[in-house]
Amino acid sequence: MRRRGLFLVLEGPDGSGKSTQATLLCEALRARGLRVTRTREPGGTPAGERIREILLDPELSAITPATEALLYTASRIELCERVIRPALARGEIVVSERFVPSTLAYQGFAGGVPLPSLRALSRDFLGGLCPDRVILLDVPAPRGLGRIRRKKDRMEARGPAFHARVRRGFLALAKSEPRRWRIVDARGEPSAVHAKVLGTVEACIGS
């Protein structure tokens, strides 16, 4: 059992492979005998999954970026209080697909909601909870979107210009916090990308 928990977040544009890499990372950590809680945004709790249905419903294309930000924050509050904080208190490693940076990238950099307003939401409602490591799976927007074979959800279906702004937002966030963030080129084979991802957390887990 770890004495303190560790909070790892996988970020990136749509189609960057977050779910695949979260699976591989959790398997690798558990193989080392570490206790791991995996979750995702939006979702991860009963209320969060309901909110996810609204946010990703392609028939609700008229939702404003500000409304999106508030819905994502509501889902995140539930996730933090019911899943992330308890797992960290138990000394577990939490691996989350997306967290606050996604709201900053999608609703802020790409959607036009002022970043100070979005940061204030996190500050006021999350009590300062921040990831120990943010791993940005970086891939050009056209390549990432080209990987999506199923019907695109509401966020994925937005145009290439929007997704290019999302990617620029993520890169700007990574540049602003180089000690917390690590950028991984996600264009390779999943196994090769996984090796890079695992390498970015080695120091965090003491291996």
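Within each chain, residues carry numbers counting from 1 in the order of the written sequence. In keeping with the predicted nature of the model, local features appear solely for residues at pLDDT of at least 70, side-chain atom pairs appear and are counted solely at 80 or more, and the whole-chain, interface and lining totals rest on all residues. By convention in this description, side-chain values take in all heavy atoms of the structure and omit both hydrogens and water.

Visitor: What is the right way to read the sheet that holds strand β1 (residues 6–11) from this model?
Guide: Strand pairing in a sheet takes place through backbone hydrogen bonds and is either antiparallel or parallel in direction. DSSP bridges decide pairing: two strands pair if at least two such bridges lie between them. To qualify as a helix, a DSSP run of H or I must reach at least 4 residues; to qualify as a strand, a run of E must reach at least 2; elements of each kind are numbered from the N terminus. Read across the sheet, 5 strands follow the order β2-β3-β1-β4-β5 without closing on themselves; strand pairing throughout is parallel. With one partner strand each, in any of the chains shown, β2 (36–40) and β5 (181–185) form the two edges of the open sheet. The mean angle between the axes of side-by-side strands here comes to 20°, regardless of whether they run parallel or antiparallel. One ladder, built from 5 bridges, connects β1 with strand β3 (residues 93–97); its direction is parallel. Bridged to Leu10 within β3 is Glu97. Where helices are involved, their axes are fitted lines through C-alpha atoms of the stretch in contact, as for all axes, and angles between N-to-C directions lie from 0 to 180°.

Visitor: How do you make sense of the packing of aromatic side chains when you look at a structure like this?
Guide: The geometry of an aromatic ring pair is captured by the separation of the ring centres together with the interplanar angle, meaning the angle of the planes. Each Phe, Tyr or Trp ring (for Trp, its six-membered ring) is paired with any other whose centre lies within 6.5 Å, and the angle between the two planes then decides the class: stacked below 30 degrees, edge-to-face above 60, tilted in between. Enumeration according to the criterion identifies 3 aromatic pairs in this entry. Consider the rings of Phe7 and Phe99, whose centres lie 5.0 Å apart with planes at 80°: the pair is edge-to-face. Of this pair, Phe7 sits in strand β1 while Phe99 sits in the loop between β3 and α4 (100–110), and the two are 92 residues apart along the sequence. A 1.4 Å probe rolled over the protein chains alone gives each residue an accessible area, and that area as a share of the maximum for its type sets the label: buried under 20%, exposed over 50%, partly exposed in between. Among the residues examined, Phe7 registers a relative accessible area of 1% and is labelled buried. Accessibility expressed as a relative area gives 1% for Phe99, which makes it buried. An angle of 80° between the planes, with centres 6.2 Å apart, marks the rings of Tyr106 and Phe170 as edge-to-face. With Tyr106 in helix α4 and Phe170 in helix α7 (residues 160–176), this residue pair connects regions lying 64 residues apart in the sequence. For the pair Tyr106 and Phe170, a shared accessibility class is recorded, and that class is buried. Among the aromatic residues, those joined into a cluster by ring pairs are Tyr106, Phe162 and Phe170. Here, over-ring charges are defined by two tests on the NZ atom of lysine or the CZ atom of arginine: distance to the ring centre within 6 Å, and angle to the ring normal within 35 degrees. The ring of Phe99 has Arg76 lying over it, and the distance from NZ or CZ to the ring centre is 5.6 Å.

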